[in-house]
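An overview of the molecular structure
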Amino acid sequence: MLGRLSLWLALVFAAATPLRAEQYLVRDQNEYAEALEQVAAGDVILLAKGEWRDFDLVVTGKGREGAPITVTAEEPGKVILTGHSNLRIGGQYIVVSGLVFRDGYSPRGEVISFRRSKDDVAHNSRVTQVVIDHFSKPDRYESDYWVGIYGKNNRFDHNHLVGKTNKGVTLAVRLDTPESRDNGHRIDHNYFGPRPVLGSNGGETIRIGTSKYSMFRSGTIVERNVFDRCDGEVEIISSKSGGNVYRENLFLRSRGTLTLRHGDDNVVERNVFLGHGKDYTGGIRVINRNQTVRGNYMEGLRGTGFASALTVMNGVPNSPVNRYVQVENALIERNTVVDSTRVTLAAGADEERSAPPVDSLMRANLFASPTDANLFQVEDDISGIDLQGNVLLGEREARPAPQIEARASELARAANGLLYPVDPALADVGAPRDLQPVALSQVGVPWYEKPGAERAFGSSGAVHEVSPGEDSLVNAVAAAREGDVLLLAAGEYLVTQVIPVDKMVTVKGAPAAPGGEAIIRFTRPALFELGEDSGLQLQQLTIDGGQADDSVGNSVIRTNTAGAGANMLVEMNDVAVRNLTVNKSFNVLTLGKSVLADRVTIRASEFSGVSGTIVSAASETEDFGQYNVEYLTIADSTFADIGGPIAQVYRGGTDESTFGPFVEISGNTLSNVGKAPASHASILLHGVQTARVARNAFADSAPLRVVHTVGRPKTAVIGNTFTGTPEPTFKELVFDGTPRVELAGNTFARRAAE
Ligand code: CA
């Protein structure tokens with residue numbers, strides 16, 4: 001009896017005494033596993049400073065409110081997970097913080113998952129102050145999420161995510177089981193840093209839900225995050241569920257829009273979009289029912305169509321879940337759109353999308369657009385949008401509807417950095433005065449640097465002189481650092497190995513010295529081979545391919561075969577290329593499979609005697625909507641005796657998730673181009689979204705050929721002369737009608753001298 005009583009007393013005593021939280025410092029994965037076995041609510045596991053390679057980090061257990069189980073770094077930012085590493089969280093009241101993922105990638109479908117397994121999903125848990133830096137799968141088209149949020153009441157905050165280059169949403173909120181719906185998650189104060197153009201669907205930065213579960217409420221709050229240069233695809237945020245709130249986020253120089261793609265009852269308020277005049281920067285796109293868009297500020301946005309500063313879509317009658325539900329009962333009030341290219345209403349109206357917005361109200365919005373007289377584009381009946389008290393600043397001839405009042409008033413920049421009308425009568429029109437755009441210092445972590453400006457050639461300021469000789473150029477490129485310039489003295493440079501380029505480097509001939517020019521000759525099938533994040537600028541040089549090995553796929557510049565490659569820049573300025581004739585398809589630049597070059601620019605250069613193609617960007621042959629170059633410019637150059645086209649760009653399939661490719665070919669002279677047996681064109685553009693071919697002189701060449709696929713491609717062929725060259729051909733694969741092309745000022749003549 002006594003024994004029992006004392007046992008009982010001991011139990012009471014134990015329950016009444018506050019548990020002392022344990023702290024475990026662990027130095028390797030075995031110690032971590034042992035500690036995880038023992039942890040209880042309130043305990044902390046500290047990962048020792050250093051590199052943790054190939055760490056399948058699992059955190060699960062039962063924390064309590066106010067006494068979570070915590071896994072953190074001995075010192076924030078000093079615990080680096082590399083190689084094949086990832087984090088999975090199960091249980092409840094778990095906190096993970098202070099970790100850095102870099103120099104590797106997740107072997108799983110996620111880098112951070114708020115579930116350990118299908119049966120162990122996280123609740124009331126938090127990931128904070130974690131960095132994921134370029135932790136991308138090496139194959140660009142192998143998909144993963146960096147963050148997958150499941151369960152309920154989880155928070156993802158003050159994290160830093162930069163440089164996702166492979167396919168798949170950066171952060172996805174999943175609703176695929178009932179316990180992950182109506183979830184109350186909060187995603188806040190994160191730094192979503194640069195995400196380069198993916199070149200296909202699957203480049204969203206955030207997606208909440210999917211079309212399949214879009215009828216369910218997610219109830220997720222996304223607030224006070226920064227989206228900096230999130231350029232992955234047309235949707236920066238793809239909202240595919242109901243009841244979400246997007247509040248006070250800052251979108252900086254990000255291509256695409258916050259898209260209310262599927263699901264009803266979402267609120268988008270007090271967000272700030274600053275495009276700084278960058279191409280394809282957009283604002284908010286409205287689809288579905290009961291959406292509120294209130295108090296947002298848009299400035300410097302250059303997107304049009306579905307990427308306008310504000311887009312209100314037409315819907316599909318009785319739309320299936322994966323198409324476009326008609327806009328109904330939208331409230332769009334007190335937004336400001338300044339210095340932006342377009343506001344599109346009833347957007348995308350066509351035979352399928354024939355249901356214009358209904359029962360909607362646009363009130364007290366402020367529009368001002370000094371750069372473009374056609375701010376508004378209206379594509380269908382907008383009588384279902386009640387327009388009240390909207391103001392367009394400045395004198396305008398055309399207005400979308402008489403309900404938008406034109407006023408003359410100046411704008412002045414307020415202390416918060418945003419523009420407001422000076423006229424006090426307009427105090428209640430446009431975005432509210434008390435907006436406070438979130439600062440970069442308020443998001444992410446203080447101990448990990450945010451990426452600076454765009455990369456640029458010559459950025460290091462260092463110039464290294466290189467002397468002629470065998471492989472002196474190979475050694476100089478190997479020794480160069482990011483942004484260096486290699487200055488080649490006049491003379492001959494013989495290169496006997498393919499030069500790998502894995503950084504931004506400029507190779508430049510010294511200004512015309514008395515000794516003559518810098519000439520590069522090479523003996524391998526290629527001269528340069530580009531890797532990920534590389535840039536090659538060539539200036540004032542001659543490249544002679546006369547000594548190159550006869551091999552399949554010869555190319556002066558090629559990409560490496562590692563299966564990945566993004567963020568590449570190639571620039572040729574005042575370069576002469578000759579004697580690429582050792583075999584029948586010797587190209588100048590070949591962009592290989594899974595490569596997406598950001599920008600290829602050729603100016604003021606001369607090409608003669610090339611058996612293949614000048615720029616070959618046609619390796620994505622599966623018709624998934626993928627392609628090899630985002631911006632291609634060829635200008636003010638001459639091309640003589642070129643077997644293939646000067647540009648071959650291919651983007652096949654019916655996907656509509658990208659803005660590119662963008663091609664400009666202007667001011668060039670072409671003679672005898674594209675007449676090799678396998679070639680049928682002097683320029684071949686398939687599925688290019690924007691193309692401008694202007695002021696070129698074609699002589700004795702194969703025709704310009706353009707093939708349009710989906711979407712609304714813009715092709716202009718202007719002011720060219722075609723001598724002894726067949727007329728251009730234009731073909732529409734999907735659009736039913738005469739080919740959509742702007743043709744003006746082109747002249748045609750028979751061969752000049754015959
Ligand atoms: Ca998408």
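For every chain, the first residue of the written sequence is number 1, and numbering continues from 1 along that sequence. Per-residue local features are limited, in this predicted model, to residues with pLDDT of at least 70; the limit for side-chain atom pairs, both in listing and counting, is 80 or more; totals at the level of whole chains, interfaces and linings are taken over all residues. Side-chain measures were taken over the full set of non-hydrogen atoms in the model, leaving aside hydrogen atoms and water.

Quick look at the environment of Lys-278
- Think of it this way: any DSSP run of H or I at least four residues long counts as a helix, any run of E at least two long counts as a strand, and we number them from the N terminus. Checked against the element boundaries, Lys-278 lands in the loop between strand 29 (272–274) and strand 30 (281–286).
- Note: C-alpha distance between Lys-278 and Arg-255 (23 residues apart in sequence) is 7.8 Å.
- Any two residues whose heavy atoms approach within 4.5 Å are treated as being in contact. If we skip the residues at most four places from it in the chain, Lys-278 touches Arg-229, Asp-231, Arg-253, Arg-255, Gly-300 and Arg-302.
- Under this definition, polar contacts are N or O atom pairs within 3.5 Å; protein pairs additionally need one hydrogen-donor-capable and one acceptor-capable atom, and for neighbouring residues in sequence, both atoms have to be side-chain atoms. Here Arg-253 takes part through its backbone oxygen, which lies 2.7 Å from a polar atom of the side chain of Lys-278.

Description of the packing of aromatic side chains
- Centres within 6.5 Å are what make two rings of Phe, Tyr or Trp a pair, Trp counting through its six-membered ring; a difference in plane orientation under 30 degrees is then read as stacked, over 60 as edge-to-face, and the rest as tilted. If you walk through the whole model with that rule in mind, you get 15 aromatic pairs.
- Ring centres of Phe-251 and Phe-273 lie 4.3 Å apart, and the angle between their planes is 5°; this geometry places the pair in the stacked category. Separated by 22 residues along the polypeptide, Phe-251 in strand 26 (residues 250–252) and Phe-273 in strand 29 bring together distant segments of the chain. By the burial criterion, Phe-251 is buried, and Phe-273 matches it.
- Counting every residue linked through ring pairs, the aromatic cluster contains Phe-192, Phe-227, Phe-251 and Phe-273.
- Only when the NZ atom of a Lys or the CZ atom of an Arg is both within 6 Å of the ring centre and within 35 degrees of the ring normal do we say a charge sits over the ring. Positioned above the aromatic ring of Phe-216 is the side chain of Arg-181, whose terminal nitrogen or guanidinium carbon lies 3.9 Å from the ring centre.
- In this structure, Arg-261 packs its charged tip against the face of Tyr-324, placed 3.8 Å from the ring centre. Classification of residues uses two cut-offs on accessible area relative to the type maximum, computed with a 1.4 Å probe and protein chains only: under 20% is buried, over 50% is exposed, and between them is partly exposed.

Looking at the environment of Glu-664
- Following the sequence through the fold, Glu-664 ends up in strand 63 (residues 662–666).
- For the pair Glu-664 and Asn-587, spaced 77 residues apart in sequence, the C-alpha separation works out to 20 Å.
- Beyond its immediate sequence surroundings of up to four residues, Glu-664 is in contact with Leu-632, Thr-633, Ile-634 and Arg-692.

Some thoughts on the domain arrangement of the protein chain
- Either an automatic procedure or a domain database provided the assignment from which the domain bounds are taken. What the domain assignment reports for the protein chain is domain 1 (271–438) and domain 2 (463–749).
- Just the C-alpha atoms count here: the centres of domain 1 and domain 2 sit 40 Å apart.
- Tallying the contact residues gives 7 residues for domain 1 and 6 residues for domain 2.
- Taking both sides of the interface into account, the surface hidden between domain 1 and domain 2 amounts to around 560 Å²; carbon and sulfur atoms contribute 43%.
- One speaks of a salt bridge when a side-chain nitrogen belonging to Lys or Arg is within 4 Å of a carboxyl oxygen belonging to Asp or Glu. Its salt-bridge partner being Glu-379, residue Arg-712 comes within 3.2 Å of it at the nearest N-O pair.
- Any residue outside Ala, Val, Leu, Ile, Met, Phe, Trp, Tyr, Cys, Pro, Asp, Glu, Lys and Arg is labelled polar, Gly included; the first ten of those are nonpolar and the last four are charged. Split into classes, the residues belonging to the side of domain 1 that touches domain 2 amount to 3 nonpolar, 2 polar and 2 charged. Put simply, buried area is the surface a 1.4 Å probe can reach on two separate parts but cannot reach once they are joined, added for both.

Thoughts on the coordination of the calcium ion
- Each metal's donors are the N, O and S atoms found within 2.8 Å of it, except that Na, K and Ca use a 3.2 Å limit; water is left out, so coordination can look incomplete. Within the protein, the calcium ion binds to Asn-201 (OD1), Glu-204 (OE), Glu-233 (OE), Glu-233 (OE) and Glu-235 (OE); these donor distances fall in the range 2.3 to 2.7 Å.
- Binding-site remark: the calcium ion is held by donors from one chain whose sequence spacing is N-x2-E-x28-E-x1-E. Separated by 31 residues along the polypeptide, Glu-204 in the loop between strand 20 (191–192) and strand 21 (206–209) and Glu-235 in strand 24 (residues 235–240) bring together distant segments of the chain. For the pair Glu-204 and Glu-235, one class covers both residues: buried.

Description of a negative patch on the surface
- Taken together, the side chains of Asp-28, Glu-31, Glu-34 and Glu-37 make up a negatively charged region of the molecular surface.
- Following the sequence through the fold, Glu-37 ends up in helix 2 (residues 29–38). Like-charged residues are merged into a patch within 9 Å and nonpolar side chains (Val, Leu, Ile, Met, Phe, Trp, Tyr) within 5 Å, provided each residue has over 30% relative accessible area and no salt bridge. Reported accessibility uses the Shrake-Rupley method at a 1.4 Å probe radius. Residues are deemed covered only where the shown protein chains occlude them. Lys and Arg are tallied as positive, Asp and Glu as negative. Neither His nor the chain termini are counted. For charged residues, the charge sits on one atom: NZ in Lys, CZ in Arg, CG in Asp, CD in Glu.

A word on the side chain of Arg-342
- Considering the arrangement of structural elements, one finds Arg-342 in the loop between strand 35 (336–338) and strand 36 (343–347).
- From its side chain, Arg-342 meets the backbone oxygen of Asn-374 in a polar contact 2.8 Å long.

Some thoughts on the sheet that holds strand 62 (residues 647–650)
- Strand order in this open sheet of 9 strands is 49-52-54-56-59-62-65-68-71, and the pairing throughout is parallel. Sheet topology places strand 49 (499–501) and strand 71 (729–732) at the edges, where each strand pairs with a single neighbour. Adjacent strand axes in the sheet meet at a mean angle of 15° when their direction is disregarded. For two strands to be treated as a pair, DSSP must find no fewer than two bridges joining them. Every axis in this analysis is a line fitted to C-alpha atoms, fitted for helices over the stretch in contact. Angles between the N-to-C directions lie between 0 and 180 degrees.

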